[in-house]
Amino acid sequence: MLALRAPAARFARAPPAARRRCLLSARAASTSASVDVGTPPHVALVTFERSPGQKPELGLVENGHWLWTLDVDGTRYPRGMLDVIERWHDAASGGRTSDEMLETERKGDPVPVASVTLLAPIPDPPSIVCVGKNYLEHIGEVDSSLPGISAAGAAPPEYPIIFTKAPTSVVGPGASITIPPGVSDAIDYEGELGVIVGRRTPPGVIVDETSAWDAVFGFTIINDVTARDVQKQHQQWYLGKSFDTFCPMGPWIVPKNALRSDADASPNADASPAAIVKRGVALGTVVNGERRQASDTSAMLFDVPALLQVVNRAMTLRAGDVIATGTPAGVGAGMDPRGFLRSGDACEVTVQGVGVLRNPVE
Ligand code: MG
């Protein structure tokens, strides 16, 4: 699995001029592509409020529109989405498809999803494991704009940079990203694909691509909001990444087998989540209508199975753990002048086949 370091190693051995060309061409590509949200997922899982302050409920969203209450009497899933994930994951492992689960779980009459308030699909995840410098073009902008932010400098890291965000930083779609007054004036966005773990996985169980994808439940969108100045003040990135509201998540979870990519029009294309993510799921970020980030998951230096294996070498993964897989180029810190978030801004992160995560800034 760690042979997946090969692209990074090749880059590190390249002469400096070639490295710069690589970074520049990657950045040029990132500013010319657009990110299309694609077709709404056939099945998605949400945590929602019917009206502000009411008890959170669980739901299924069909084709991005109709919302079915998942647990009408509120007793089937006492731990909320964590129980839903475990149960659906077990069903999928037993050969049941998302469509079959949809048929089983749909009860009563649906309402339009726009009529409720979506919360983060996992409001209090057990753990949020994040990856730094996982897109080549992002490494260049980070090193030039934030020198010293990691020991690897401009070179791709030999092993993935792993850090965490506090679960208390999670907010849902539509919730405000709050700029902490008097603490930071360098608040940045990082649009990322979020991978959701489906079951308890003791250390060392993930040894290859098959066992890695077996442990994955599905996907969501993460905005790894960061106070760049606080990130630099401390040797660890934890505080700069963990202010309350600094982990927008949502709008929902797409079970892995429900992921579709519009880019794969060929009926013969491998439709497994492993193949789709490897071919490249588009992702990007728009601030106030201006596209800032655009790339796809094929550009990851360490792919999803490699990340899971590395983390699982050390620790038990639990259902509902979130892996934020890194951000591509185009963060505010890399712009001239810098494009940090300000009060009144609107930040949107798109992952094709998953959806759009919109959050205002206050
Ligand atoms: Mg990040």
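Scroll up for the structure.
Residues numbered from 1 in each chain as written. Predicted model: local features only at pLDDT ≥ 70, side-chain atom pairs only at ≥ 80, totals over all residues. Heavy atoms only, no water.

Trainee: How should I be thinking about the coordination of the magnesium ion in this particular structure?
Mentor: Taken together, the protein donors to the magnesium ion comprise Glu190 (OE), Glu192 (OE) and Asp224 (OD), at separations of 2.0 to 2.1 Å. Counting residues between consecutive donors of the magnesium ion along the chain gives the motif E-x1-E-x31-D. Of the two residues, Glu190 sits in the loop between strand E9 (187–188) and strand E10 (191–197) while Asp224 sits in the loop between strand E11 (216–223) and strand E12 (226–227), which places them 34 residues apart along the sequence. Accessibility assignment for this pair places Glu190 and Asp224 in one class, buried. (Donors = N, O, S within 2.8 Å, 3.2 Å for Na, K, Ca; no water. Helix = DSSP H or I, 4+ residues; strand = E, 2+ residues; numbered from the N terminus. Buried < 20%, exposed > 50% of the residue type's maximum accessible area, 1.4 Å probe, protein only.)

Trainee: What exactly am I supposed to notice about the sheet that holds strand E14 (residues 282–287) here?
Mentor: In any sheet, the strands associate via hydrogen bonds between backbone groups, in a parallel or an antiparallel arrangement. Across the sheet, which stays open at both edges, the 4 strands sit in the order E15-E14-E17-E18 with antiparallel pairing between neighbours. With partners counted over all chains shown, the strands left at the sheet margins are strand E15 (290–296) and strand E18 (355–360), one partner each. Geometrically, the sheet is characterised by an average inter-axis angle of 10° between neighbouring strands, direction not taken into account. Across 6 bridges, the pairing between E14 and E15 is antiparallel. Among the inter-strand pairings, Ala282 is bridged to a residue of E15, identified as Asp296. (Pairing = 2+ DSSP bridges. Axes fitted to C-alpha atoms, helices over the stretch in contact; angles between N-to-C directions.)

Trainee: I keep staring at the nonpolar core and nothing clicks. Help me out?
Mentor: Nonpolar side chains tend to gather and get buried jointly when the protein is soluble and globular. Counting 78 residues, the largest nonpolar core has Leu45, Ile122 and Leu308 as the members making the most contacts within it. Residue contributions to this core peak at 6 residues, all from helix H3 (residues 81–93). The contacts of Leu45, once residues within four sequence positions are left out, are Gly59, Leu60, Leu70, Met81, Val84, Trp88, Pro121, Phe217, Trp252, Ile253 and Pro255. Of all hydrophobic cores here, the second largest spans 12 residues; its members include Ile187, Tyr189, Val230 and Cys347. (Core = buried A, V, L, I, M, F, W, Y, C linked by side-chain atoms within 4.5 Å. Contact = heavy atoms within 4.5 Å.)

Trainee: What should I look at first to understand the state of the cysteines in this one?
Mentor: Applying the stated criterion across every chain yields a total of 0 disulfides. Between Cys130, a free cysteine, and Cys247, which holds the nearest cysteine sulfur, the sulfur-to-sulfur gap is 6.6 Å. Exposure remark for Cys247: the relative accessible area of 0% places this residue in the buried category. (Disulfide = S-S within 2.5 Å.)

Trainee: Just to check I follow, could you spell out the side chain of Glu141 for this structure?
Mentor: Structurally, Glu141 can be placed in helix H5 (residues 136–145). Look at Glu141 and you get buried, because its relative accessible area is 1%. Within polar-contact distance, the side chain of Glu141 engages the side chain of His138 at 2.7 Å. (Polar contact = N/O pair within 3.5 Å; in protein donor to acceptor, adjacent residues only side chain to side chain.)

Trainee: Can you walk me through the side chain of Ser127 in this structure?
Mentor: In this structure, Ser127 sits in the loop between strand E5 (117–118) and strand E6 (128–132). When neighbours within four sequence positions are excluded, Ser127 is seen to be in contact with Arg318, Asp321 and Val322.

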